[in-house]
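If you want the building blocks of each chain, they are given just below.
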Amino acid sequence: MNQISSPSATKMTMYLIRQKLYELATRMMARTTLVEGVLKGSGLPFRCLFVHNCLFTAELSKRTFAAAPKVIRQSRIFIPMLGQHLTAHAGEFDLCVAVLPSFYDSMFGSRCSYQGQEEVRQVIDTDQDWESLRQNFSRKKRQVTNDFAEKNGLSFRISHATEDFDFFYHRMHVPHIRRRYGELADLDSYDTMKSFFEKGYVLFVTKNDQPVAGALSVIEGDTMMFRRSGVLDGDESHVKAGAQTALYYFQLRYAVENGIKAVDTMKTAPFLNDGVFKHKADWGAKTLRDVETTRSVYYFTNGPTEQLAGFFEQNPLAICVGDGLAGLVGYRAPQTAPQSGLPALTQQLLVSGLDSLVPVTWPAQVGLTQPQS
(Lines give C-alpha, C1' and ligand atoms only; values in the text may rest on other atoms or scores of the structure.)
Protein backbone atom coordinates (compact mmCIF):
# COMPACT_ATOMS: atom_id res chain seq x y z
CA MET A 1 0.00 0.00 0.00
CA ASN A 2 1.45 3.35 -1.04
CA GLN A 3 2.00 5.89 1.74
CA ILE A 4 0.56 9.31 0.93
CA SER A 5 2.42 12.30 2.34
CA SER A 6 0.37 14.73 4.39
CA PRO A 7 0.05 18.33 3.15
CA SER A 8 2.07 19.56 6.12
CA ALA A 9 4.88 17.09 5.38
CA THR A 10 4.93 18.18 1.73
CA LYS A 11 5.12 21.85 2.75
CA MET A 12 8.00 21.11 5.10
CA THR A 13 9.86 19.22 2.37
CA MET A 14 9.38 22.11 -0.06
CA TYR A 15 10.54 24.58 2.60
CA LEU A 16 13.71 22.58 3.23
CA ILE A 17 14.39 22.33 -0.52
CA ARG A 18 13.94 26.10 -0.94
CA GLN A 19 16.19 26.71 2.06
CA LYS A 20 18.96 24.56 0.58
CA LEU A 21 18.61 26.26 -2.80
CA TYR A 22 18.80 29.67 -1.13
CA GLU A 23 21.94 28.67 0.80
CA LEU A 24 23.53 27.41 -2.43
CA ALA A 25 22.56 30.59 -4.28
CA THR A 26 24.09 32.84 -1.60
CA ARG A 27 27.31 30.84 -1.82
CA MET A 28 27.52 31.12 -5.61
CA MET A 29 25.73 34.37 -6.50
CA ALA A 30 26.09 37.91 -5.16
CA ARG A 31 24.45 41.26 -5.73
CA THR A 32 26.63 44.05 -7.14
CA THR A 33 25.92 47.77 -6.78
CA LEU A 34 28.03 50.46 -8.43
CA VAL A 35 27.59 53.84 -6.72
CA GLU A 36 29.03 57.30 -7.23
CA GLY A 37 29.22 60.18 -4.78
CA VAL A 38 31.44 62.67 -2.98
CA LEU A 39 33.89 61.50 -0.32
CA LYS A 40 33.47 62.91 3.17
CA GLY A 41 36.42 64.92 4.34
CA SER A 42 37.91 65.55 0.91
CA GLY A 43 35.15 66.49 -1.52
CA LEU A 44 36.65 64.13 -4.10
CA PRO A 45 34.38 62.25 -6.53
CA PHE A 46 34.39 58.54 -5.74
CA ARG A 47 32.99 55.41 -7.33
CA CYS A 48 32.67 52.18 -5.36
CA LEU A 49 31.51 48.76 -6.46
CA PHE A 50 29.88 46.88 -3.59
CA VAL A 51 29.53 43.12 -3.95
CA HIS A 52 26.93 41.74 -1.55
CA ASN A 53 24.22 43.74 0.18
CA CYS A 54 24.76 43.54 3.94
CA LEU A 55 25.05 45.63 7.08
CA PHE A 56 28.79 46.11 6.58
CA THR A 57 28.52 47.60 3.09
CA ALA A 58 25.55 49.73 4.17
CA GLU A 59 27.53 51.14 7.10
CA LEU A 60 30.63 51.62 4.92
CA SER A 61 28.62 53.58 2.35
CA LYS A 62 27.16 55.76 5.10
CA ARG A 63 30.64 56.45 6.48
CA THR A 64 32.16 57.15 3.07
CA PHE A 65 29.88 59.55 1.21
CA ALA A 66 28.93 63.11 2.13
CA ALA A 67 25.40 62.44 0.88
CA ALA A 68 23.52 59.41 -0.36
CA PRO A 69 25.45 58.21 -3.44
CA LYS A 70 23.89 57.80 -6.85
CA VAL A 71 23.31 54.19 -7.91
CA ILE A 72 24.86 53.72 -11.35
CA ARG A 73 24.14 50.04 -11.87
CA GLN A 74 22.88 46.96 -10.03
CA SER A 75 23.19 43.35 -11.09
CA ARG A 76 23.88 39.84 -9.87
CA ILE A 77 27.13 37.99 -10.50
CA PHE A 78 28.35 34.40 -10.38
CA ILE A 79 30.97 34.78 -7.65
CA PRO A 80 33.69 32.62 -9.25
CA MET A 81 33.55 35.02 -12.23
CA LEU A 82 34.20 38.11 -10.06
CA GLY A 83 37.87 38.32 -11.09
CA GLN A 84 37.00 38.50 -14.76
CA HIS A 85 34.27 41.04 -14.03
CA LEU A 86 36.70 43.31 -12.16
CA THR A 87 39.23 43.13 -14.99
CA ALA A 88 36.61 43.94 -17.61
CA HIS A 89 35.21 46.91 -15.65
CA ALA A 90 38.39 48.16 -13.93
CA GLY A 91 38.04 51.70 -15.30
CA GLU A 92 34.53 52.10 -13.88
CA PHE A 93 35.33 52.26 -10.15
CA ASP A 94 37.96 53.48 -7.70
CA LEU A 95 37.45 50.60 -5.26
CA CYS A 96 35.56 47.32 -5.07
CA VAL A 97 34.48 46.02 -1.64
CA ALA A 98 33.30 42.40 -1.72
CA VAL A 99 31.82 40.62 1.32
CA LEU A 100 31.83 36.91 0.49
CA PRO A 101 31.95 33.50 2.19
CA SER A 102 35.43 32.84 3.59
CA PHE A 103 35.89 29.70 1.53
CA TYR A 104 36.66 32.10 -1.35
CA ASP A 105 39.90 33.08 0.41
CA SER A 106 41.85 30.65 -1.76
CA MET A 107 40.41 32.31 -4.87
CA PHE A 108 40.51 36.00 -3.94
CA GLY A 109 42.87 36.24 -0.94
CA SER A 110 45.97 36.65 -3.10
CA ARG A 111 44.22 38.65 -5.82
CA CYS A 112 42.67 41.39 -3.68
CA SER A 113 44.72 44.37 -2.52
CA TYR A 114 43.70 43.93 1.13
CA GLN A 115 41.61 41.46 3.09
CA GLY A 116 39.70 42.13 6.29
CA GLN A 117 36.68 41.14 8.33
CA GLU A 118 33.27 42.66 8.97
CA GLU A 119 34.03 42.81 12.70
CA VAL A 120 36.96 42.40 15.09
CA ARG A 121 37.06 41.35 18.74
CA GLN A 122 38.38 43.58 21.52
CA VAL A 123 39.51 41.95 24.79
CA ILE A 124 40.77 43.62 27.98
CA ASP A 125 43.32 41.78 30.14
CA THR A 126 42.14 41.99 33.78
CA ASP A 127 44.57 39.44 35.22
CA GLN A 128 46.35 42.17 37.21
CA ASP A 129 45.72 44.62 40.01
CA TRP A 130 43.66 47.76 39.40
CA GLU A 131 46.53 50.22 39.19
CA SER A 132 48.43 48.01 36.73
CA LEU A 133 45.30 47.73 34.62
CA ARG A 134 44.89 51.50 34.58
CA GLN A 135 48.31 51.87 32.98
CA ASN A 136 46.86 50.29 29.81
CA PHE A 137 44.10 52.91 29.62
CA SER A 138 44.44 55.95 27.42
CA ARG A 139 45.66 59.06 29.19
CA LYS A 140 42.15 60.50 29.15
CA LYS A 141 40.65 57.34 30.67
CA ARG A 142 43.28 57.31 33.43
CA GLN A 143 42.30 60.86 34.31
CA VAL A 144 38.57 60.07 34.17
CA THR A 145 38.88 57.04 36.45
CA ASN A 146 40.61 58.92 39.27
CA ASP A 147 38.02 58.74 42.10
CA PHE A 148 35.43 58.18 39.34
CA ALA A 149 32.53 56.86 41.43
CA GLU A 150 32.87 59.52 44.13
CA LYS A 151 33.18 62.41 41.67
CA ASN A 152 30.10 61.38 39.68
CA GLY A 153 27.87 60.11 42.49
CA LEU A 154 27.53 56.72 40.78
CA SER A 155 27.44 53.20 42.11
CA PHE A 156 26.43 49.76 40.79
CA ARG A 157 24.56 46.64 41.70
CA ILE A 158 24.46 43.11 40.29
CA SER A 159 21.11 41.45 39.65
CA HIS A 160 19.97 37.93 38.79
CA ALA A 161 16.26 38.81 39.02
CA THR A 162 14.09 38.25 35.93
CA GLU A 163 12.17 41.49 36.47
CA ASP A 164 15.46 43.39 36.38
CA PHE A 165 16.38 41.68 33.10
CA ASP A 166 13.01 42.72 31.66
CA PHE A 167 13.67 46.31 32.74
CA PHE A 168 17.14 46.22 31.18
CA TYR A 169 15.93 44.77 27.88
CA HIS A 170 12.83 46.91 27.33
CA ARG A 171 13.84 50.19 29.00
CA MET A 172 17.59 50.26 28.28
CA HIS A 173 18.96 47.99 25.57
CA VAL A 174 16.22 48.20 22.91
CA PRO A 175 15.74 52.02 23.01
CA HIS A 176 19.51 52.59 23.15
CA ILE A 177 20.20 50.46 20.06
CA ARG A 178 17.27 51.91 18.12
CA ARG A 179 18.34 55.45 18.88
CA ARG A 180 21.96 54.79 17.91
CA TYR A 181 21.48 52.73 14.71
CA GLY A 182 18.00 53.65 13.49
CA GLU A 183 16.87 51.50 10.58
CA LEU A 184 20.18 49.60 10.66
CA ALA A 185 19.50 48.41 14.22
CA ASP A 186 20.15 44.68 14.54
CA LEU A 187 18.37 43.70 17.76
CA ASP A 188 18.69 40.40 19.56
CA SER A 189 15.33 38.91 20.45
CA TYR A 190 14.07 38.91 24.04
CA ASP A 191 14.39 35.10 24.21
CA THR A 192 17.99 35.17 22.94
CA MET A 193 19.01 37.80 25.46
CA LYS A 194 17.13 35.99 28.24
CA SER A 195 19.11 32.81 27.54
CA PHE A 196 22.34 34.77 28.13
CA PHE A 197 20.94 36.36 31.26
CA GLU A 198 20.06 32.96 32.73
CA LYS A 199 23.78 32.11 32.56
CA GLY A 200 24.94 35.53 33.73
CA TYR A 201 23.68 38.74 35.30
CA VAL A 202 22.79 42.38 34.72
CA LEU A 203 25.05 45.08 36.15
CA PHE A 204 23.14 48.31 36.76
CA VAL A 205 24.87 51.67 37.08
CA THR A 206 22.88 53.66 39.63
CA LYS A 207 22.60 57.34 40.52
CA ASN A 208 20.71 58.19 43.71
CA ASP A 209 19.91 54.45 43.88
CA GLN A 210 18.09 54.60 40.51
CA PRO A 211 19.37 52.60 37.50
CA VAL A 212 20.51 54.78 34.59
CA ALA A 213 22.47 52.23 32.51
CA GLY A 214 22.97 48.49 32.37
CA ALA A 215 25.17 45.74 31.00
CA LEU A 216 24.34 42.09 30.37
CA SER A 217 27.37 39.86 31.01
CA VAL A 218 28.14 36.15 31.21
CA ILE A 219 31.12 34.51 32.92
CA GLU A 220 32.61 31.79 30.72
CA GLY A 221 35.55 30.08 32.40
CA ASP A 222 37.86 32.88 33.50
CA THR A 223 36.47 35.44 31.03
CA MET A 224 33.64 37.94 31.42
CA MET A 225 31.67 38.26 28.19
CA PHE A 226 30.40 41.85 28.12
CA ARG A 227 27.56 41.00 25.78
CA ARG A 228 25.15 43.93 25.61
CA SER A 229 24.57 47.35 27.13
CA GLY A 230 21.97 50.08 27.26
CA VAL A 231 21.01 53.38 28.85
CA LEU A 232 17.68 54.28 30.36
CA ASP A 233 15.13 55.01 27.61
CA GLY A 234 18.02 55.52 25.17
CA ASP A 235 18.43 59.01 26.65
CA GLU A 236 21.69 60.55 25.43
CA SER A 237 21.83 62.78 28.49
CA HIS A 238 22.78 59.70 30.52
CA VAL A 239 25.61 58.98 28.08
CA LYS A 240 26.88 62.56 28.35
CA ALA A 241 26.71 62.25 32.14
CA GLY A 242 29.10 59.30 32.01
CA ALA A 243 26.73 56.31 32.20
CA GLN A 244 28.53 54.25 29.53
CA THR A 245 31.93 55.12 30.97
CA ALA A 246 30.56 53.88 34.29
CA LEU A 247 29.58 50.54 32.73
CA TYR A 248 33.18 49.86 31.71
CA TYR A 249 34.61 51.22 34.96
CA PHE A 250 32.41 49.08 37.23
CA GLN A 251 32.66 45.98 35.03
CA LEU A 252 36.45 46.17 35.08
CA ARG A 253 36.56 46.81 38.83
CA TYR A 254 34.25 43.84 39.36
CA ALA A 255 36.46 41.64 37.13
CA VAL A 256 39.69 42.57 38.94
CA GLU A 257 38.16 42.14 42.39
CA ASN A 258 36.69 38.72 41.53
CA GLY A 259 39.73 37.16 39.85
CA ILE A 260 38.34 37.30 36.32
CA LYS A 261 41.27 37.21 33.88
CA ALA A 262 39.77 38.97 30.87
CA VAL A 263 36.78 41.05 29.80
CA ASP A 264 35.68 40.26 26.26
CA THR A 265 33.90 43.37 24.97
CA MET A 266 32.63 41.33 22.01
CA LYS A 267 32.67 42.32 18.36
CA THR A 268 33.14 45.77 16.91
CA ALA A 269 33.22 47.31 13.44
CA PRO A 270 36.88 47.33 12.26
CA PHE A 271 37.12 51.10 11.66
CA LEU A 272 39.96 52.55 13.70
CA ASN A 273 38.23 55.95 14.01
CA ASP A 274 34.84 54.50 14.95
CA GLY A 275 33.58 55.79 18.30
CA VAL A 276 32.84 52.33 19.74
CA PHE A 277 36.18 50.91 18.57
CA LYS A 278 38.11 53.84 20.04
CA HIS A 279 36.11 53.70 23.28
CA LYS A 280 37.10 50.07 23.84
CA ALA A 281 40.72 50.68 22.81
CA ASP A 282 40.90 53.55 25.30
CA TRP A 283 40.10 51.02 28.05
CA GLY A 284 43.13 48.97 27.00
CA ALA A 285 41.31 46.47 24.79
CA LYS A 286 43.49 44.41 22.47
CA THR A 287 42.18 44.07 18.91
CA LEU A 288 41.87 40.45 17.73
CA ARG A 289 40.50 38.63 14.72
CA ASP A 290 36.93 37.38 14.73
CA VAL A 291 37.52 33.62 14.75
CA GLU A 292 33.79 32.87 14.42
CA THR A 293 33.20 34.69 11.14
CA THR A 294 32.17 32.79 8.02
CA ARG A 295 32.75 35.73 5.65
CA SER A 296 35.70 37.82 4.49
CA VAL A 297 35.91 41.38 3.16
CA TYR A 298 38.04 41.77 0.02
CA TYR A 299 39.23 45.22 -1.09
CA PHE A 300 40.17 45.46 -4.78
CA THR A 301 41.84 48.77 -5.66
CA ASN A 302 42.73 50.56 -8.87
CA GLY A 303 45.47 52.68 -7.41
CA PRO A 304 47.36 54.38 -6.07
CA THR A 305 45.13 57.43 -6.48
CA GLU A 306 44.17 60.44 -4.42
CA GLN A 307 40.65 58.99 -4.24
CA LEU A 308 41.92 55.81 -2.56
CA ALA A 309 44.04 57.76 -0.10
CA GLY A 310 40.98 59.88 0.68
CA PHE A 311 38.79 56.80 1.15
CA PHE A 312 41.13 55.11 3.65
CA GLU A 313 41.78 58.47 5.31
CA GLN A 314 38.05 58.58 6.00
CA ASN A 315 37.89 54.84 6.77
CA PRO A 316 41.09 53.60 8.44
CA LEU A 317 40.49 49.98 9.34
CA ALA A 318 41.94 46.75 10.69
CA ILE A 319 42.98 44.26 8.01
CA CYS A 320 44.40 40.74 8.07
CA VAL A 321 48.16 40.49 7.52
CA GLY A 322 49.77 37.09 7.98
CA ASP A 323 48.36 35.57 11.15
CA GLY A 324 47.73 38.95 12.75
CA LEU A 325 46.14 42.32 12.15
CA ALA A 326 47.44 45.63 10.83
CA GLY A 327 45.94 49.08 10.44
CA LEU A 328 45.18 50.26 6.90
CA VAL A 329 45.32 54.06 6.81
CA GLY A 330 45.06 56.74 4.16
CA TYR A 331 47.02 59.97 4.14
CA ARG A 332 46.79 62.84 1.64
CA ALA A 333 49.98 64.80 2.23
CA PRO A 334 50.12 68.60 2.11
CA GLN A 335 52.48 69.79 -0.64
CA THR A 336 54.44 72.08 1.66
CA ALA A 337 55.31 69.44 4.32
CA PRO A 338 54.36 65.97 3.08
CA GLN A 339 55.63 64.12 6.18
CA SER A 340 54.24 66.58 8.74
CA GLY A 341 51.13 64.70 9.86
CA LEU A 342 52.47 61.14 9.79
CA PRO A 343 53.88 60.79 13.33
CA ALA A 344 50.63 62.00 14.89
CA LEU A 345 48.59 59.68 12.66
CA THR A 346 50.75 56.71 13.62
CA GLN A 347 50.51 57.49 17.33
CA GLN A 348 46.75 57.90 17.14
CA LEU A 349 45.83 54.77 15.20
CA LEU A 350 48.36 52.09 16.16
CA VAL A 351 46.47 50.48 19.05
CA SER A 352 47.09 47.22 20.93
CA GLY A 353 46.68 44.19 18.67
CA LEU A 354 47.75 45.91 15.44
CA ASP A 355 51.25 44.81 14.45
CA SER A 356 51.85 47.72 12.07
CA LEU A 357 50.23 50.36 9.90
CA VAL A 358 49.85 49.86 6.14
CA PRO A 359 49.80 53.25 4.36
CA VAL A 360 47.75 54.32 1.35
CA THR A 361 49.25 57.75 0.64
CA TRP A 362 48.99 60.49 -1.96
CA PRO A 363 51.41 61.31 -3.42
CA ALA A 364 52.21 57.63 -3.52
CA GLN A 365 55.89 58.03 -2.61
CA VAL A 366 55.16 59.55 0.82
CA GLY A 367 56.29 57.12 3.51
CA LEU A 368 54.63 56.22 6.80
CA THR A 369 57.10 55.95 9.64
CA GLN A 370 56.38 53.31 12.27
CA PRO A 371 56.71 54.35 15.93
CA GLN A 372 59.73 53.18 17.86
CA SER A 373 58.98 50.29 20.22
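Described in the following lines is the structure provided in the data block. What you are looking at is a predicted structure, and each value in this text was computed from that prediction instead of being measured.

For the protein chain, the count of helices and strands is 14 helices and 16 strands. Out of the 373 residues in the protein chain, the part that is buried amounts to 46%. At a minimum sequence separation of 6, the contacts of the protein chain that also span at least 24 residues come to 73%. Working note: accessible area of the protein chain is about 19,000 Å², and carbon and sulfur atoms make up 50% of it.

Our focus in this paragraph is helix 9 (residues 190-197). Taken as a whole, helix 9 has its buried residues at M193, F196 and F197. The buried residues of helix 9 all sit within an arc of 100° when viewed along its axis, so they share a single face. Buried-residue contacts for helix 9 involve strand 7 (154-159), helix 8 (162-181), strand 8 (200-207), strand 9 (210-220) and strand 10 (223-231).

Time to look at the packing of aromatic side chains. Throughout the structure, instances matching the rule amount to 25 aromatic pairs. Where F103 meets Y104, the ring centres are 4.7 Å apart and the plane angle is 35°; that geometry is what we call tilted. Owing to a relative accessible area of 4%, Y104 belongs among the buried residues under this scheme. Geometrically, the ring pair formed by F165 and Y190 is tilted, given 5.4 Å between the ring centres and 55° between the ring planes. You can see F165 sitting in helix 8 and its partner Y190 sitting in helix 9, a full 25 residues away along the chain. For F165, a relative accessible area of 0% translates into the label buried. Each member of the aromatic cluster is reached from another via a ring pair, and the members are W130, F137, F148, F156, F226, Y248, Y249, F250 and W283.

Before going further, it helps to spend a moment on the sheet that holds strand 9. Read from one edge of the open sheet, 7 strands run 7-8-9-10-11-6-12, paired in mixed fashion. Both outer strands of the open sheet, strand 7 and strand 12 (286-288), are each paired with one neighbouring strand and no more. The average angle at which neighbouring strand axes cross in this sheet is 30°, direction not considered. Note: strand 6 (residues 120-125) against strand 12, 3 bridges, orientation antiparallel. Bridging across to strand 12, Q122 finds its partner in T287. Here helix 8 sits on the sheet and contacts strand 7, strand 8, strand 9 and strand 10; the angle it forms with strand 10, its principal contact strand, is near 65°. Sheet contacts for helix 12 (residues 275-282): strand 6, strand 11 (262-268) and strand 12; angle to strand 11, the most-contacted strand, approximately 165°.

What counts as what
- Residues numbered from 1 in each chain as written.
- Predicted model: local features only at pLDDT ≥ 70, side-chain atom pairs only at ≥ 80, totals over all residues.
- Heavy atoms only, no water.
- Helix = DSSP H or I, 4+ residues; strand = E, 2+ residues; numbered from the N terminus.
- Buried < 20%, exposed > 50% of the residue type's maximum accessible area, 1.4 Å probe, protein only.
- Contact = heavy atoms within 4.5 Å.
- Areas by Shrake-Rupley, 256 points an atom, 1.4 Å probe, with all protein chains shown as cover.
- Arc of directions from axis to C-beta.
- Phe/Tyr/Trp six-rings, centres within 6.5 Å; stacked < 30°, edge-to-face > 60°.
- Pairing = 2+ DSSP bridges.
- Axes fitted to C-alpha atoms, helices over the stretch in contact; angles between N-to-C directions.

It is worth stressing that arrangement in space is one thing and function is another; only the former is reported here.
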